[in-house]
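The lines below spell out each chain.
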Amino acid sequence: MKRTPTVIGIDIGGTKISAALFHHHGDLLHKEVQPLAEREGGEVIALIGTMIQSLMDYAKGRAYKVVAIGACVPGIYDAIKKTVWAPNIPDWNHIPLQDALKKYLGDQSINIVLESDRSCYILGEVWKGCAKDCADAIFIAVGTGIGAGILSGGRIINGSGGIAGAIGWMALEPPYDKKYDAWGNLEHYASGDGIARSAVELLEKKRTSTSLLDAIPTDQITAHHVFDAYEKQDLVAVEVIEKVIGYWGMALANLVSIFNPRKVIFGGGVFGPADQFLDRIVEEAKQWAQPLSIQEIQLETSALGGDAGLIGAGYLALTTLNDQVHDE
């Protein structure tokens, strides 16, 4: 009996792993989620291997044939060295993840391809989300950190070491400060953690003021606390969010001026509460961007939410079979 071709998509996050079996036409057939539960190094690889085997068993029992696997990694995939660097997973420091996963497969005919999370996000949107039929689109992921998945001329831009799109290091406000060393100027203020950092910095500067955020221990303040306080017109929160909107607008302007995309999509953990600012982000960007490029773009929030990376990984597996993303 002829078996139907399918692919597996895997989204490796900092706290959990999602994996799914996709029909070659795109339907999601089966999904599994497992928490990392403080696993590190080889333990995480073993968990991924177990999840792959579970999906392959599911496929085999239903007359499906797994022909490729795509994995979305939370950091940098170097396609030349075939290594993964993932700062949020202990002991994932330039590890040969692709080779390690092949050992779990047994069937060496199954192709495995990896990509950074930010690139998988834009691939997911191209396949199932806001960027269908787009050859030029950018996904700006705002979560714990901040990064951009860039599709130009129908191909993902990775750079020489897989680091392209690390926009947290955009330099937007001189002079340089040592506090940017770990994550860059843009990420220091405009990521989810950056919003919390900015609020703490401002609270320390304005000790005589009163803020709703004063009731929260500074080491427990999150971006969501700041957004909640903003809704109540808390002065500290308003100042923080106003600055962040400016940063997002300048970052958008720079990306639009360089890449001239048709669409820019904001997503990530922060862009639930922040989607209310899209119009203001565009207005800020218009002041800085190449004027023709900024007039042409469509700006939207992600249609796929937390599944963007998983769906992108599935699409990665399919397109890599046809050599449409980047060489294996």
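Before reading further, recall that the structure is shown in the block above.
Residues numbered from 1 in each chain as written. Predicted model: local features only at pLDDT ≥ 70, side-chain atom pairs only at ≥ 80, totals over all residues. Heavy atoms only, no water.

## Comments concerning the overall build of the protein
Per the secondary structure count, the protein includes 10 helices and 13 strands. Against the globule reference of 20 Å for 328 residues, the protein gives a C-alpha radius of gyration of 21 Å, in line with a compact fold. Principal-axis analysis of the C-alpha atoms gives the protein an extent of 75 × 45 × 35 Å. Across the 328 residues of the protein, 54% fall into the buried class. Nonlocal contacts in the protein, meaning residues at least 24 apart in sequence, comprise 63% of its contacts between residues at least 6 apart. (Helix = DSSP H or I, 4+ residues; strand = E, 2+ residues; numbered from the N terminus. Rg over C-alpha atoms; globule rule 2.2 N^0.38 Å. Buried < 20%, exposed > 50% of the residue type's maximum accessible area, 1.4 Å probe, protein only. Contact = heavy atoms within 4.5 Å.)

## A short note on the packing of aromatic side chains
Applying the stated criterion to the full structure yields 10 aromatic pairs. Ring centres of Y180 and Y189 lie 6.1 Å apart, and the angle between their planes is 70 degrees; on these two criteria the pair is classed as edge-to-face. Through a chain of ring-to-ring contacts, the aromatic side chains of Y176, Y180, Y189 and Y247 assemble into a single cluster. Here the basic side chain of K128 rests over the ring of W127, its NZ or CZ set 5.2 Å away from the ring centre. Between R197 and the ring centre of W183, over which it is positioned, the NZ or CZ distance is 3.9 Å. (Phe/Tyr/Trp six-rings, centres within 6.5 Å; stacked < 30°, edge-to-face > 60°. Lys NZ or Arg CZ within 6 Å of the ring centre and 35° of its normal.)

## Re the sheet that holds strand 6 (residues 83–85)
Strand order across the open sheet formed by three strands is 5-6-7, with antiparallel pairing between neighbours. Across the chains shown, the open sheet's two edge strands, defined by having one partner strand only, are strand 5 (76–78) and strand 7 (93–95). Pairwise comparison of adjacent strand axes, ignoring direction, gives a mean angle of 20 degrees for this sheet. Taken together, the three bridges between strand 5 and strand 6 define a ladder with antiparallel strand orientation. Within strand 6, the position partnered with I76 by the bridge is W85. (Pairing = 2+ DSSP bridges. Axes fitted to C-alpha atoms, helices over the stretch in contact; angles between N-to-C directions.)

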